[in-house]
Amino acid sequence: MTYVTKVYYPDREKFKSYIDKIYDSGWLTNNGPLVQELEKRLEEYLGVKNLLCVASGTVGLELAYRTLGMSGEVITTPFSYVSTTSAIAATGYTPVFADIDIETFNIDPKNIEKTINEKTCAIAPCHVFGNACEIDEIDEIAKKHDLKVVYDTSHAFDVKYKGEHILNYGDISVISFHATKIFHTIEGGAIVIKDDELYEKAKIIRNHGSDGPDSVAMLGINGKMNEVEAAMGLCMLDEEEQIQSDRKKSQDFYAKELKDYVTFQKHNEDATKSLTYFPIVFRSHEEMDQVRAALREHDIAARQYFYPSLDTIPFVEKREPMVNSRDLAERILVIPMHSGVEPTVANIIKETLNRIR
Ligand SMILES: Cc1ncc(COP(=O)(O)O)c(C=O)c1O
């Protein structure tokens, strides 16, 4: 079966040599030397400062909201992975949705502005499938209404916006390093915090709120990454170029060969193009369903990402329906894009679209 994502395993011998280091150091978790090394290398590689590795992307988002220490409504996108919303609710805020732009799949700044009220404290967009949001417009809205911005950057490890890594934007940006991502640490993630004081506060919250061996300064969580995960990240970083060039081959093929059959996500021209996912949009749910079933017969598992639209899930307040998000969720498929996509698989996808469309 060819899945949408495929876990990448870096060089086995190198990974083993890091595991030996862990045995030798006797340091398995609690901000060990490999976590510190990974944080430093990621800051250099990405060109960011104040980066903290965390246990997962979800924990990173929760850490962001705990660190901001506010209360009230957070305006977010209904079209993303569930964690973008659940982290807001889990930390005591109220997630409120602003609908997406049907072409970019990202939260539409016009809808953000309409949704702001006296309870709003932050905006939480996601660069969906690595497509950069309208960052400048969102920034302007946030400044005008004195709101914080927390970006979910989980799909955009390989993206620069106006020449700078996309993690540099917003008050806080969070990224997932889950095993299925283009860069991974098995489980894990990172959080990048603009403000130095908030960065120091986040370090304490990540460590159970403890600011010293016998001192608890505030309410915290266990947000730590461990040494085995950091070792995986250090190995992955060495192979990023290869990982990305493998994906580029599938991306180029799909972009050229599928364009007559389906619609693609409209790309933000101020940003580089991500190699994380390849979403395709159909005219109707029925057409999408037919293609998905036909691909399954060839052992190709295309997925309906992101479904369901997050304004329909149980723990959120029901307000106006997010029409664009619901519509897109019904008609979208993400197709496999990774080193395991053989040319035959890519050709079957093309032939299937040609037959059904
Ligand atoms: C957009 C988005 N946000 C958050 C997450 C959560 O990350 P994690 O699985 O590392 O908790 C994911 C997960 O894959 C994601 O795609």
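Keep in mind it's a predicted model, so treat the numbers as computed, not measured.

Q: Would you mind going over the sheet that holds strand β4 (residues 94-97) in detail, with residue names and values included?
A: Note: strands within a sheet are paired through backbone hydrogen bonds, in either parallel or antiparallel orientation. Ordered in space as β2-β10-β9-β6-β5-β3-β4, the seven strands form an open sheet in which the pairing is mixed. Across the chains shown, the open sheet's two edge strands, defined by having one partner strand only, are β2 (51-54) and β4. Shown here is a sheet whose adjacent strand axes are inclined to one another by a mean of 25°, direction ignored. Alignment of strand β9 (residues 172-176) against strand β10 (residues 189-193), held across five bridges, turns out to be antiparallel. Each bridged residue has a counterpart across the sheet, and for Ile175 the counterpart in β10 is Ala190. Each of β2, β3 (73-76), β5 (120-124), β6 (148-152), β9 and β10 is contacted by helix α3 (residues 57-68), which is oriented at about 165° to β9, the strand it contacts most. Across the sheet, helix α4 (residues 82-90) lies against β3, β4, β5 and β6, angled at about 145° from β4, the strand it touches most.

Q: I'd like a rundown of the pairing of β9, residues and numbers included.
A: With respect to burial, β9 is a largely interior element, five of its five residues being buried. Of the two faces of β9, the one carrying Ile172, Val174 and Ser176 and the one carrying Ser173 and Ile175 are both buried. With three bridges connecting them, β6 and β9 associate as parallel partners. Across the sheet, Asp152 pairs through a bridge with Val174, a residue of β9.

Q: Summarise the environment of Thr5; cite the residues concerned and give the values.
A: Checked against the element boundaries, Thr5 lands in the loop between β1 (2-3) and α1 (12-25). Overall, the relative accessible area of 18% leaves Thr5 in the buried class. For the pair Thr5 and Pro336, spaced 331 residues apart in the sequence, the C-alpha separation amounts to 6.1 Å. Excluding anything up to four places from it in sequence, Thr5 contacts Thr180, Tyr277 and His338.

Q: How would you summarise the nonpolar core if you had to cite specific residues and measurements?
A: Judged by nonpolar contacts, the single largest core of 29 residues is most densely connected at Leu38, Leu42, Leu51, Phe157, Phe177 and Phe183. Of all the elements in the fold, those that place two or more residues in this core are α1, α2 (33-46), β2, β10 and α8 (227-257). With eight residues, the single largest contributor to this core is α8. Apart from residues no more than four positions distant in its own chain, Phe177 is found in contact with Leu42, Phe157, Phe183, His184, Thr185, Ile186, Glu187, Gly188, Gly189, Ala190 and Met225.

Q: Describe the domain arrangement of the protein, and please don't skip the residues or the numbers.
A: The domains assigned to the protein are domain 1 (2-234) and domain 2 (240-356). Computed over C-alpha atoms only, the centres of domain 1 and domain 2 are separated by 24 Å. Listed per partner, the contact involves 46 residues of domain 1 and 50 residues of domain 2. Of the roughly 4,300 Å² buried between domain 1 and domain 2, counting both surfaces, carbon and sulfur atoms make up 63%. Contact with domain 2 buries surface across domain 1, with Thr2, Val4 and Phe129 losing the most and accounting together for 19% of the total. Here domain 1 and domain 2 share two salt bridges between them. Note that Glu103 and Lys266 form a salt bridge whose closest N and O atoms lie 4.0 Å from each other.

Q: Got a sec to walk through a nonpolar patch on the surface? Specific residues and values, please.
A: A cluster of nonpolar side chains, namely Tyr81, Val82 and Phe315, defines an oily patch on the protein surface of about 290 Å² accessible area. With respect to the helices, strands and loops of the structure, Tyr81 is situated in the loop between β3 and α4.

Rules used throughout
Residues numbered from 1 in each chain as written. Predicted model: local features only at pLDDT ≥ 70, side-chain atom pairs only at ≥ 80, totals over all residues. Heavy atoms only, no water. Pairing = 2+ DSSP bridges. Helix = DSSP H or I, 4+ residues; strand = E, 2+ residues; numbered from the N terminus. Axes fitted to C-alpha atoms, helices over the stretch in contact; angles between N-to-C directions. Contact = heavy atoms within 4.5 Å. Buried < 20%, exposed > 50% of the residue type's maximum accessible area, 1.4 Å probe, protein only. Core = buried A, V, L, I, M, F, W, Y, C linked by side-chain atoms within 4.5 Å. Domains from an automatic or database assignment. Buried area = accessible area lost by both parts, 1.4 Å probe. Salt bridge = Lys/Arg side-chain N within 4 Å of Asp/Glu carboxyl O. Patch = residues over 30% accessible without salt bridge, like charges linked within 9 Å, V, L, I, M, F, W, Y side chains within 5 Å. Areas by Shrake-Rupley, 256 points an atom, 1.4 Å probe, with all protein chains shown as cover.

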